[in-house]
Amino acid sequence: MYKRDLYSAKTYLISCLMIIASSSACNCSDSSELTSLAPDLQTEKQLIDFGPVVVGDFRYQSLKITNPGSTALSIGRIYIEGETTEFRVESVVPSSIGAKGIFDLVLRYDPTDIGFDSGSLIIETNDSNVGSKTFELRGQGVSQNISIISENDGCQEGSPSLAFGAVTPETSKTLFFDVEATGESDVTVETIGLSATTSGEYELNQTAPIIILAGTKARFDITYTPIDAGLDTGAVIITTDVSDLRTIRIPICGTGAGPALCGSPIPLDFGTIGVNSTRSATLKLENCGTQDLQVSEVKLSNTPQYQTAAGFQLPSPLGSQTLRPAEFVELKVDFSGSQSGNYEGFVQVESNNLGQSTQYFPIKAIIGDPCSLSISPQQVNFNNVASGSFAESSVLIANDGATSCSISQLEITTGQNSFSITNPPTVPVIVNSGSSVIVNIRFTPQSNSNEQGELSVTGNGVTITVPLNGNPMLQEGCQIDVQPLFISFGAVEPGTTHTKGVRLTNISDSACTIRGVSLSSGSSPDLESTASNFGLILPGRTKDLTVTYRPQTAGTSANGTLDIRTTDVDTPNFQIPITGSCAETGICVSPRHLPFGNTNIQDNANINIYACGSTDITITALDWTRSDAEVTLPNPPSLPFTLRSGDMQTVTVRYNPMDMTSDEAELTVRSNDVANPAIPVRITGGPEVVPAEAGRFMYYWQITNSFSGGDIMQLPLQGQTTARPYWGPRANKGCTGCHEVSPDGRYVAMIEIPNFQVVDTSVDQALVLASDLLGAEYVSWNPNVNTNPPYQFAYASEGKIYIGSIFQGRIRELQGANVATDNNSMPTWGPNGYIAFVRGQNFNNTNNGGSGYSGPTDIYIVPETGGMAQRLPGASNNTFGNYYPRFSPNGEWIAFTQSQSAMTTLAASDAQVKLVKPDMSGTVLDLATLNGGTGHASSYPTWSVNGAFLSFSSNRAGGMGDWDIWIAPVDPVTGNDGPATNVTVANSPNFEHAAQWSP
C-alpha cells in the first residue's frame, strides 16, 4: 500500500490522494531605470484606513515598504502613538530591508467600543532623507445588531411569531416578516429553514445566505396550505453572523378551518401494572378546529385492522354530543388483566372531523410482576488488563416490574481488593417502574492471573448476583470483547437523530469474523441498525457497530436488542439491550463555548440558562467537570433554583489569567430536564490558534515517517491545543486520508481504505452507508444541512459529480457535471446555490499511485439543481492547471490552486493559491503575501468557519521539517491577504495537509 514519492521519500498515495502541489514563481526584469545608491524608504500610501469594523471583531491592513536603494535599509523602530490601544503591529519587524527589497507590514485594528479611532504609525530608519516617517491610522468601531419585525404576533408571547389564523383546507395564505440590520454594520443571514418538527403544510419561500446592509431590511415569506382541519405548528430557524443572536427561532401557527378532533396523550399508555390490578387513564378528546364538532359515537375498536385486546373497558361511554372550538371531554378508560404480557387497543371515534370521519386513538398497557429487577450483562469480563492499570465496565439495573423497587444492597461481596464500584449510590435506591440505574465497576488487577469477584444486588427481598471475571483464561481461537454490553440513549428530543454503538475488540491471536448484525424482531421502529452486517477483525483491532435512534413523538419509549453473530469460540452470539425515550427539552443554555481569547487581564462573560419549554426547570448543580484554577464563578447562584417557563438565569464566569499558557475548563449545567439533564459549556482562554468564531477544531491528514499509514488528526483551536489521532492506524482504525467536515461539525466524510464512510463526531462512530456511496471521493457538503433528505453532499465517482445523502445514498447525477468525454471531479458546494468543480481529460493515477489530473484543467460552475455548466473566468481556459476549488462561507470567493505548467495536480512545482470571483467577472487575486514569495509550494486551500482565514499546505522554510499546515488572514469581502503563520501545534517532521475547519 505504501510507496515513496519524490518528496523526502516519506508519503504514500491512495485512491483519493490530495497530496499538495508545490509552487514557485520567479519574475526577472532587465530594467534600465536609474536606482538610488543610498537606502531609500518608500511606501505606497500615507493613510491607512481600516474603515468600519464591528466591535469585538478585527481587520487587517498592510503597508508595503520598499527599499529601491542599492544598500540595506536599517529599521530602528516601528511603533504606534495615540490615545487608543486598538491599533497594533502584527508583523515581526525585520532589522533591515535589503537592497531592492520589499516588506509587507501587517497592522491590525480591534475596536473595543463604538466610535472613530485614530493614531499614528512611526517608522524609524537610516534613510538620510526621511529618517522617520509618520502614517495616519483610522478606523471606526461600529455595532452589529438584528431585529425581527412581524405584524402577526400571536403564537407565543414575548417573541415575534407568525399566526396564520384559520385557513380553509386546500387554500393558501402567505405571511411575511422582516429581518432588519439595526446596527451600523451589515448582517448576514447565513441559513434559514423550518424546524424538524414543523408541519409539512408550511413552505418557506426564500433561501440563504443573504447580506442585509446596515439600516435596511430583508423580507421573508411563509406560505401555509392546510390539507385538513386542526392546529398546525412549527418554527422558522435563522442563523446569523451576529455574535449575540447566532440562532433565532420564530414560532409559526395556523389552523385548518373546519371541525377537527384531537386526542391526547397519544398513545394513551397505562404503563406497567400488576396482575389482577386495575388502572384507569384518561383520554382527552378536543375540538381543535374552528367549527363545531359533532361526535356521534365513541367505542373500543374491534375492526380487523384496529383490534382491541381484552382487558380494556369504557366504564362511562360517551354519547353523541357537540363540541365547540377548544371545548373537550375526558374519556375514562380502565384496564386490568390476569396474565403478564403486552396489551394494545384503540378508541374509535365517529365525528364530522374534516377529511377523516373515523379516527382511531391507540392505547396500550403492560401486565408485569411487581418489582422485577433485571441486570445486564449477567456476567462482567475484564480482558487483558495490565498490572498497575485498571479498566471499567458498566452494569444496567432495570425495573421491568409494575411497581417501584427498593434496592437495599448494592456492593461487591467477593473480590473487593480487585473490584470496586466507582460511583456507589446511597442505599436504599428507588428504581421506579420502567426506570433503570447504571453502576460502573472498576477492575484493578492485583496479580497477573485470573481474579474473580461478585456484585450483589438486593431489591425487595430478592438478591441477584453478577459474576466479575478479571483477566480470564481464554480458549484458543477467536475471542471478542464487547463494550458496552447495553445501549442506553436516555431521554432525547423528538425529531432529532442520535447514534450510539458498541465496540468489538479482537483480544485473541486469531482472526474474528462478524457474520451478521441486526435488530431483533419486535424492536422499536424508531431504532435502526446503522452498522455493517459483516466484517473481519484482525488480532488487536476493533470494529464499531452503531444503532441510530430517531424518535418522532414525545412521551414514547424505544426498546430493542442488537443481535451480533460472530465466530467467538465462547460467545458466538451477543445480544445487546437497547433502551431510549422521547421527551421535549425544557432547558436551553447559551452559549455552549465561552472563548476569552488571548488576554492578560481579568475578564467576565455570561452564560444564560433558559426554561425554554412549556414546563418549569430546576437547576440542580453547576459542576466543574473539567476544572482550571484560572476559571471561576465569582457569584454563583444558590442551588438548587427553579426557572419558570420563559424565565432566564445568568451565570457569570470569570477568567483570571496567571500565566502565558492556554487554559480550558468545562462547566456542566445539571437539571431535572429529562431530555438534557447535563449540558456542558466549554470555557477557553489564553493563547489560541485562531479566535473561536473561525473554528473550534481542525481536522487534518498526517502521514508519518514510520509508514504506519495515514491518520486524520483532530486539533482544538482554543484552550489546550494538543492534536490527537482521530481516525486511522494510530486510532486503531484503517488507513485513512481524504476527508471533509460537515458545516455543523456533526459528521466527517472520509476515505478509509478501501471505502468511503461517514463518522458521527458526537460518538466517534462510523455509520453504515448505502452501497452506491462506497466509491465516493472528493466530497463537499451542502452548506445547509437541514435539507430533505438532510446532510446532502456533492461527490465525484467514476468521472462524474453526484448528489448524495448519508441517510438516503445516491440521489442523482449533477446534470452539467457529468459530461462523459471529460473527467469531472473536486466539487465545492457554495452558499449561493452553485457548485464549482474541476474538469479535465487526463485523470489517472500519477506520482506513485495518487489520483489526480495531468494536463490543463478548468474550473466550471453549475447550479446545484443541475443545468448548463460554464467555465469560470480567471480559473479556466488559460492552459493552466486550475484545481482544488473551495467556496468561501459567504460565497464571495473561490480559493483554488493554479499551476501554470499544468504537469500534475499532485506535485506541480509552480502551484500557487489564488482567489477568483464566482460571479463570472474574471476577477482573480494572486495572494502574494499568503504565497510568500518563491522557492516553495502552496496548495490545497480551505476556509475557516467565518471565512477570515485560509489554511493551506506548504513546504516553505520556517516549517517543522516537511509539508506543513499554514494559515493566513484573508478579508472575506475584499480578499486582502496577510502573512502566513505555521500552525506549529499541528505540524511535525511528518507530512501534514488537507486541513478542514469545524465549528
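We now turn to the structure provided with this report.

For the rest of this paragraph, the subject is the nonpolar core. Phe756, Val758, Trp781, Phe793 and Ile806 are the most contacted members of the largest nonpolar core, which has 65 residues in total. Apart from residues lying up to four places away in sequence, Trp781 is in contact with Glu740, Val741, Ser742, Pro743, Tyr747, Ala749, Val758, Tyr791, Gln792, Phe793, Ile806 and Trp829. Of all hydrophobic cores here, the second largest spans 26 residues; its members include Ala281, Val329, Tyr343 and Phe361.

Tracing the backbone shows Gln757 in strand S60 (residues 755–760). Assessed through its relative accessible area of 14%, Gln757 is described here as buried. With sequence-adjacent residues up to four places away left out, Gln757 is seen in contact with Trp727, Val748, Ala749, Met750, Glu752, Ala766 and Leu769.

Glancing now at the packing of aromatic side chains. If you walk through the whole model with that rule in mind, you get 30 aromatic pairs. Geometrically, the ring pair formed by Phe382 and Phe443 is tilted, given 5.5 Å between the ring centres and 35° between the ring planes. Of this pair, Phe382 sits in strand S29 (residues 380–382) while Phe443 sits in strand S34 (residues 436–443), and the two are 61 residues apart along the sequence. Side by side, Phe382 and Phe443 carry an identical accessibility label, which is buried. Members of the aromatic cluster, connected to one another through ring pairs, are Tyr747, Phe756, Trp781, Tyr791, Phe793, Tyr795 and Tyr802. Taking NZ or CZ as reference, Arg810 lies 3.7 Å from the ring centre of Tyr802, over its face.

This model, assessed by the stated rule, comprises four disulfides. Shown here is the disulfide that connects Cys262 with Cys288, its sulfur atoms set 1.9 Å apart. Judged by the sign of its S-S torsion, about 75°, the bond between Cys262 and Cys288 is right-handed. Taken together, the residues Cys262 in strand S19 (residues 261–264) and Cys288 in the loop between strand S21 (278–287) and strand S22 (293–300) connect sequence positions 26 residues apart. Looking at Cys262, the relative accessible area reads 31%, which means it is partly exposed. Here Cys371 engages in a disulfide with Cys405; their sulfurs sit 2.2 Å apart. Between Cys371 and Cys405, the S-S torsion sits near 130°, and that sign places the bridge as right-handed. Taken together, the residues span a long stretch of sequence, with Cys371 in the loop between strand S27 (358–367) and strand S28 (373–376) and Cys405 in strand S31 (residues 405–414) at a distance of 34 residues.

Take the environment of Val689 next. Position of Val689 among the secondary structure elements: in the loop between strand S54 (678–685) and strand S55 (697–703). The exposure class of Val689 is partly exposed, given its relative accessible area of 25%. For the pair Val689 and Asn417, spaced 272 residues apart in sequence, the C-alpha separation works out to 46 Å. Those residues within four positions of Val689 in sequence are excluded, and the remaining contacts are Leu717, Thr721, Ile967, Val983 and Val985.

About the thresholds
- Residues numbered from 1 in each chain as written.
- Predicted model: local features only at pLDDT ≥ 70, side-chain atom pairs only at ≥ 80, totals over all residues.
- Heavy atoms only, no water.
- Core = buried A, V, L, I, M, F, W, Y, C linked by side-chain atoms within 4.5 Å.
- Buried < 20%, exposed > 50% of the residue type's maximum accessible area, 1.4 Å probe, protein only.
- Contact = heavy atoms within 4.5 Å.
- Helix = DSSP H or I, 4+ residues; strand = E, 2+ residues; numbered from the N terminus.
- Phe/Tyr/Trp six-rings, centres within 6.5 Å; stacked < 30°, edge-to-face > 60°.
- Lys NZ or Arg CZ within 6 Å of the ring centre and 35° of its normal.
- Disulfide = S-S within 2.5 Å.

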